[in-house]
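Residue-level structural notes
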Amino acid sequence: MEEPKNQTNNSNPPVEPKVTGIGGVFFFSDNLQETKNWYAKNLGFEISDWGSSSFESRNIDRPEEINSLQWCPFKKGDEYFSPSKKDFMINYRVQNMEGLLIKLKENGVIILDDIATYDYGKFVHIMDAEGNKIELWEPK
């Protein structure tokens, strides 16, 4: 006789902690307003009140899901990129932020801050092996 299957556990399997895409591209600019104007005039970027441009796309596996990529220049020397000495920072969209941080800590990755939660998701910053500051973002 076959054993009855446990049907009381309806929970979903844990989501693999990993990067799922690029959430933003940020770079230093010597002349912030001139840079924004150039991109708007020549490439048609629509610059928001926050000084960034947003590009939306649909997830090919879940077409109802809309993803966003943020583009934003920063004034040269802005401390937001610290402690990196590089002129750019990439934001990666992730799933299972907490699980990913456990994996990163186990691998000796430098984690710069605690998870910050906002209306639009969770953020944390890490350093890669080349000294690049990376922003990790888990959208809501």
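None of the values given here were measured: they were computed from a predicted structure.

1. Regarding the layout of surface pockets
Roughly 690 Å³ of internal volume is contained in the largest pocket. Lining the largest pocket are 25 residues, and of these F26, Q70, Y120, F123 and W137 sit closest to its centre. Only β1 (18-29), β3 (66-75), β4 (88-95), β6 (116-118), β7 (121-127) and β8 (133-139) provide two or more residues apiece to the lining of the largest pocket. Per-class residue counts for the lining of the largest pocket are 13 nonpolar, seven polar and five charged. Listed by contribution, the elements that provide at least two residues to the lining of the second largest pocket are β1, β4 and β8. Looking at the lining of the second largest pocket, the element that brings in the most residues is β4, giving three residues.

2. Observations regarding the packing of aromatic side chains
With the rule as written, the count across this model stands at 15 aromatic pairs. Seen from their ring centres, F45 and F55 are 5.2 Å apart, and the 80 degrees between their planes marks the pair as edge-to-face. Note that F45 is positioned in the loop between α1 (32-43) and β2 (53-58) and F55 in strand β2, a separation of 10 residues in sequence. Judged by relative accessible area, which is 35%, F55 ranks as partly exposed. Taken together, a centroid distance of 4.7 Å and an interplanar angle of 85 degrees make the contact between F45 and W71 edge-to-face. With F45 in the loop between α1 and β2 and W71 in strand β3, this residue pair connects regions lying 26 residues apart in the sequence.

Calculation rules
Residues numbered from 1 in each chain as written. Predicted model: local features only at pLDDT ≥ 70, side-chain atom pairs only at ≥ 80, totals over all residues. Heavy atoms only, no water. 1 Å grid on protein atoms, 1.4 Å probe; cavity = no way out; pocket = protein on both sides within 12 Å on 5 of 7 lines; lining within 4 Å. Points joined across faces, edges and corners; volume = space filled by probe spheres on them. Helix = DSSP H or I, 4+ residues; strand = E, 2+ residues; numbered from the N terminus. Nonpolar A, V, L, I, M, F, W, Y, C, P; charged D, E, K, R; others polar. Phe/Tyr/Trp six-rings, centres within 6.5 Å; stacked < 30°, edge-to-face > 60°. Buried < 20%, exposed > 50% of the residue type's maximum accessible area, 1.4 Å probe, protein only.

Structural measurements only, silent on function.
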